[in-house]
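# Remarks on the overall topology
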Amino acid sequence: MKQEQTQHRPKRYGMVIDLDKCTGCGSCMVACMAENNVSFKKDESDKLLSITWMRVYKITNGKPFPDTDICYIPRPCQHCAGQHEGHSPCVSVCPATATDYSRETGIVSQIYTRCFGCRYCMAACPYHARYFNWWDPVWPDGMEKYLNPDVSPRMRGVVEKCSFCFQRYQAAKNKAYLEGRRELEEDEYQTACTQACPAGAIVFGDLNNPDHLVHKMVDPDLKHGGRPRNPEVFRLLERLGTNPKVYYKSGRQWVRKAGDNYLPGEKPGADMHKSHS
Amino acid sequence: MDSALIPEGVKRCPTWKFLLALAIAGAVLLWGVVAMLMVWFKGLNQTNMNDYYGFALWIWADLAFIALGGGAFFTGLLRYIFGIKELKNIINYAVLIGFICYSSALLILAIDIGQPLRGWFIFWHANVHSMLTEVAFCLSCYFAVLCIEYLPLVLENRQLDKVPFFHNLSHNMHETMAVFAATGAFLSFFHQGSLGGVAGVLFGRPFAFRTGINIWPWTFFLFTWSAAAYGPCFTLFITWLTEKITGKKLVKDNVVELLAKIAGWMIITYVVAKIIDTVYWATVTAPSLGFKWTFFYSDNPLYGKWILLTEIVLCGIVPGLLLIFGPTRRNPAARVIALLLGVLGVSLNRWVMVLQVMAVPVMSFDKWVLYYPSWQEVATTLLPVAYGVILILISYRYLPIFPQEPELNPIAPYTPANGAEATAGGQAGDESETEAVGQAAPAGA
Ligand code: SF4
Ligand code: SF4
């Protein structure tokens, strides 16, 4: 038993999205909605009221033809660790401890039955990854039968967001436990969006585990909040110190620059070391 | 009709006028109640808030009401702790206004949350690291203090005061008021501050984020300071408004001028701190996060640099100086303009710290999003205003709120000559009030 516990290292589940592979097809968004019983309305034209745990943004380099270039940025919850593990922008402000940071997995959870809908967390999240249930969920006739039984639907008046398909983690842990294992294999726990992406642009795994692809791609500097060492990899709004666990990869400089804000004349990465000291 | 309830030595408007005023305010109140019920039963989809505007009109109203209600704790502090005796002539009204502001803020919070029945989770599952938790605890405690401060005043109603128990209770409570005033000031420091902290700790929102001391961002101190500075402005402004409406002088000039002068100094010192904070944020904090400060004031139809200038200069330096300089402070018109500017200034500050924070894009590929409230939001925000008016109407009519009123508005003893004048109005209420006062006067003397 003792030995098992010492082998039991905390995980930091994270994601790398290769923006040079993403075609903007939206499969990840669809898979996410289906997996997580995300509710929708008849009219979804107002995107400020749509619940999209995973949302694909389209950006351009603003240049005229023939230099025009576009890029799609899928944006799930970034599962921010904050400046010190667990001090995520949203978790730190929730007055009712209805959203929590797991030191075991690094996943930022949302406790729907405890959230009382003050929306402070939404004000805190710079990625707009949090969504409020302005309405009660109403499913088209018969669709209840197709809901995922492992995910509770949310009631009106609470906030929800991407959970890194936590139910899949639980299922995988249960299975492993029954088989007498403590550790999960890399492919045993994968998010719905990762599996749905036809371009294979999304990679998911444990950033702490050197054998996992996410670790190899990012080469995270764990002493500095997991900052990527791979120069092609970046995080959104790195300078704010949110320390996300969702990474983006692109060979295009303008795309990497769009990931953060810079003063006129400033170069990406110029002050990275400063903001985390 | 209700003359037996009216305080001794003062005259009140005829009952019909009073009832008409109640009815008008009541209509607005009813409109607000309808909207409130719609929000409670149908949900927050009745508002124009959205996933970019999780905080909107209501949170602004909350912050603004609490800042404006700050007159209660600050005047209490000056009166009971610093022992400025003159202020006893305005403290009752400051407490009443504070009571209205704080109960309104609590009501709005109850409407604003998505699951009102779970509101108590904020206490039960409290996250002690959250500024909102601090707000909830201190706000509730301070509201209890305000109730305690308001209660003796209610007990001073002529009829209630006849009951020996109430009379003694109210008397004893007055004796211990310093304790409550101190508690109130202490609690206010924290909840006013933590309301500032609500915005200041948002390190994901560079427009709001502030560095600070330990866990407290600079906005923590700025909010407390501004509530102490501008709260009394609101108290004085409402006092002025009440005087205009009743057509009577209710508080002596020396009292008003004293509080106005203190408010003036508070405003000026606050504005200096605010300027330092703004400069530091604009030149150090924001650039370190990759933002030029002008970014927050450009490329959108509403939030321009004008808003910063209005807040700091027009609604900060100007009223501060007007209230500090004797000649302008003593000039009623200039003073009232200063008070009004102050009230607008602190409201604007709270607006900026809530609504502009939400409007500013943070990700480089995001956009400015503006918002306007739905009628339900407006109605529920006016609800507390109507409720406040009603409470003031009732309190002013039946409670001795202004200790100087009888002295400033002496009622001539009943003579056939002025009796004829009183009946000329043809209002039974008017007449009987005069009569009642006439009878009561010797007893009071
Ligand atoms: S992306 Fe937003 S919701 Fe997700 S952990 Fe970060 S701050 Fe919280
Ligand atoms: S909306 Fe819910 S999860 Fe978000 S801060 Fe409020 S109580 Fe916490």
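A few points on the structure. (Residues numbered from 1 in each chain as written. Chains lettered and ligands numbered in written order. Predicted model: local features only at pLDDT ≥ 70, side-chain atom pairs only at ≥ 80, totals over all residues. Heavy atoms only, no water.)

### Structural notes on a nonpolar patch on the surface
Residue and element names in this part refer to chain B. A cluster of nonpolar residues, Val-28, Leu-30, Trp-31, Val-34, Trp-375, Val-378, Leu-382, Val-385 and Val-389, forms a patch on the protein surface that exposes about 720 Å² of accessible area. Secondary structure elements with two or more residues in the nonpolar patch: α1 (15-42) and α15 (375-398). With 5 residues, α15 is the single largest residue contributor to the nonpolar patch. When its relative accessible area of 30% is taken as the criterion, Val-378 is described as partly exposed. (Patch = residues over 30% accessible without salt bridge, like charges linked within 9 Å, V, L, I, M, F, W, Y side chains within 5 Å. Areas by Shrake-Rupley, 256 points an atom, 1.4 Å probe, with all protein chains shown as cover. Salt bridge = Lys/Arg side-chain N within 4 Å of Asp/Glu carboxyl O. Helix = DSSP H or I, 4+ residues; strand = E, 2+ residues; numbered from the N terminus. Buried < 20%, exposed > 50% of the residue type's maximum accessible area, 1.4 Å probe, protein only.)

### So, the interface of chain A and chain B
Across the contact, 57 residues belong to chain A and 52 residues belong to chain B. Between the two partners, chain A and chain B, sit 1 salt bridge. Here Asp-112 of chain B makes a salt bridge to Arg-119 of chain A, at a shortest N to O gap of 2.7 Å. Residue assignment for the side of chain A that touches chain B shows that the elements contributing at least two residues are β2 (55-60), α3 (89-93), α4 (120-124) and β6 (131-132) of chain A. Taken together, the residues of the side of chain A that touches chain B sort by class into 35 nonpolar, 13 polar and 9 charged. (Contact = heavy atoms within 4.5 Å. Nonpolar A, V, L, I, M, F, W, Y, C, P; charged D, E, K, R; others polar.)

### A short note on the packing of aromatic side chains
By the definition in use, this model includes 44 aromatic pairs over all chains. Aromatic pair Tyr-57 of chain A and Phe-365 of chain B: ring centres 5.1 Å apart, planes at 65°, arrangement edge-to-face. Of this pair, Tyr-57 of chain A sits in strand β2 while Phe-365 of chain B sits in the loop between α14 (332-359) and α15, on two different chains. Each member of the pair, Tyr-57 of chain A as well as Phe-365 of chain B, carries the same accessibility label: buried. An angle of 25° between the planes, with centres 6.3 Å apart, marks the rings of Tyr-303 of chain B and Trp-368 of chain B as stacked. In this pair, Tyr-303 of chain B sits in the loop between α11 (253-288) and α12 (305-324) while Trp-368 of chain B sits in the loop between α14 and α15, placing the two residues 65 residues apart along the sequence. (Phe/Tyr/Trp six-rings, centres within 6.5 Å; stacked < 30°, edge-to-face > 60°.)

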